[in-house]
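Now for the letters of each chain:
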There are 2 protein chains.
Amino acid sequence: MTESDQTPHHGTPAGNTPADGSTLPASVADLLKRNVDGLVPAVVQDATSGQVLMMAWMNDEALHLTLTTGRGTYWSRSRNKLWMKGEESGHVQRVRTVRLDCDGDTLLVRVDQTGPACHLGSTSCFDTHLLFTDEDSGRAGDSAGTTHETAEEAAQ
Amino acid sequence: MTESDQTPHHGTPAGNTPADGSTLPASVADLLKRNVDGLVPAVVQDATSGQVLMMAWMNDEALHLTLTTGRGTYWSRSRNKLWMKGEESGHVQRVRTVRLDCDGDTLLVRVDQTGPACHLGSTSCFDTHLLFTDEDSGRAGDSAGTTHETAEEAAQ
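Residues numbered from 1 in each chain as written. Chains lettered and ligands numbered in written order. Predicted model: local features only at pLDDT ≥ 70, side-chain atom pairs only at ≥ 80, totals over all residues. Heavy atoms only, no water.

## Points about the packing of aromatic side chains
No. 1: On inspection of all chains with the given rule, the structure shows two aromatic pairs over all chains.
No. 2: With a centroid separation of 5.5 Å and an interplanar angle of 45°, the aromatic rings of A:Tyr74 and A:Trp83 are classed as tilted. (Phe/Tyr/Trp six-rings, centres within 6.5 Å; stacked < 30°, edge-to-face > 60°.)

As structure tokens, this is what we get:
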């Protein structure tokens, strides 16, 4: 998660819709299975490299803004506010595709990421902790994001 | 999510550790930031293609089993049980790497997936609903998972 560069965008409580009519279309809203806080997890993936960059949360308004502005916008659970990714840091996300999974409870957002996605300066938020690696794995597809990682624990 | 092929593996409540001593090492457990149900979301990605296949949830025991058996194992929130992915369907996941994000609250599991990951028969659970696409996007990296998708809504 990268909630460190968030700034207030709207003050609408999670799951609520704004009063100005700019709501998520019913054809999308009806597909969503939200958690008890009105949120859906959003997996964010680099559209070019395929690297998974971060995971964040969206309420209806964050999804609506993402779909209509083409900029990755999320709900900060820690600050209880909407935040457009990169609003302060400049590390914005141009959205290429947004998909919803078969159960309607997880989003996949493929983006062009400007700068590092992680507030720690790494390309991906998943560069921090490597918990497990299969030592037999020498596959080409296993190269993404391994540059700066630290093997915290090989539990096997 | 693909909770349709889950079967009981252990009956341990979410977040609890088994009594046989086969617990998650403290060096890993101490890094985890679990939700109120003791769970952490796990993004599952194909290790070769980079395609995001599904999102599921792990408690400590599911993570421990994943790390020690090398098979993707999750906590089913709907059935309140552990399930090894593919236990019934045969669509198992050989785990290549497991990473934890900077905040300790999301896992990324890269796997060799046998058969389709989605219980609907698709390669990915995210093949079902395309909510948004940037029509200017003709990038090579945007090709994964587009074969069977349906444009449910272009909200922009």
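## What to know about the pairing of strand 4 (residues 81–84) of chain A
All names here are of chain A.
No. 1: Sheet topology places strand 3 (residues 73–76) next to strand 4; four bridges connect them, and they run antiparallel. Counterpart to Ser76 in the pairing with strand 4 is Lys81.
No. 2: Turn length for the strand 3-strand 4 hairpin, with the two strands adjacent in sequence and antiparallel, is four residues, and the turn residue Asn80 shows positive phi of about 60°. (Pairing = 2+ DSSP bridges. Helix = DSSP H or I, 4+ residues; strand = E, 2+ residues; numbered from the N terminus.)

## Some points on unusual backbone geometry
Trans peptide bonds make up most of the peptide bonds, and negative phi angles are found at most residues other than glycine.
No. 1: Of note in the backbone geometry, A:Asn80 takes a positive phi value of approximately 60° without being a glycine.
No. 2: Looking at where A:Asn80 falls in the secondary structure, it is placed in the loop between strand 3 and strand 4.

## What about helix 2 (residues 60–69) of chain B?
Residue and element names in this part refer to chain B.
No. 1: Where burial is concerned, most of helix 2 is hidden: eight out of the 10 residues are buried.
No. 2: What helix 2 keeps buried is the set Asp60, Glu61, Ala62, Leu63, His64, Leu65, Thr66 and Leu67.
No. 3: Phi for Gly70, located one or two positions after helix 2, is positive at around 70°. (Buried < 20%, exposed > 50% of the residue type's maximum accessible area, 1.4 Å probe, protein only.)

## Some details on the nonpolar core
No. 1: With 76 residues, the main nonpolar core has A:Leu63 and B:Leu63 as its most contacted residues.
No. 2: Sequence-distant contacts of A:Leu63, defined by excluding residues within four places in its chain, comprise A:Leu24, A:Val28, A:Leu32, A:Met58, A:Val98, A:Leu107 and B:Leu131. (Core = buried A, V, L, I, M, F, W, Y, C linked by side-chain atoms within 4.5 Å. Contact = heavy atoms within 4.5 Å.)

## Topic: the environment of B:Met84
All names here are of chain B.
No. 1: As for its placement among the helices and strands, Met84 is situated in strand 4 (residues 81–84).
No. 2: With 19 residues separating them in the primary sequence, Met84 and Leu65 have C-alpha atoms 8.9 Å apart.
No. 3: Excluding residues that lie within four positions of it along the chain, Met84 makes contacts with Arg71, Gly72, Thr73 and Val92.

## What about the confidence of the model for chain A?
No. 1: Mean pLDDT for chain A: 81, with 72% of residues reaching 70 or above.
No. 2: Between residues 137–156 of chain A, whose pLDDT stays under 50, and residues either more than four places distant or in other chains, the model counts 45 contacts. (pLDDT = per-residue confidence, 0-100.)

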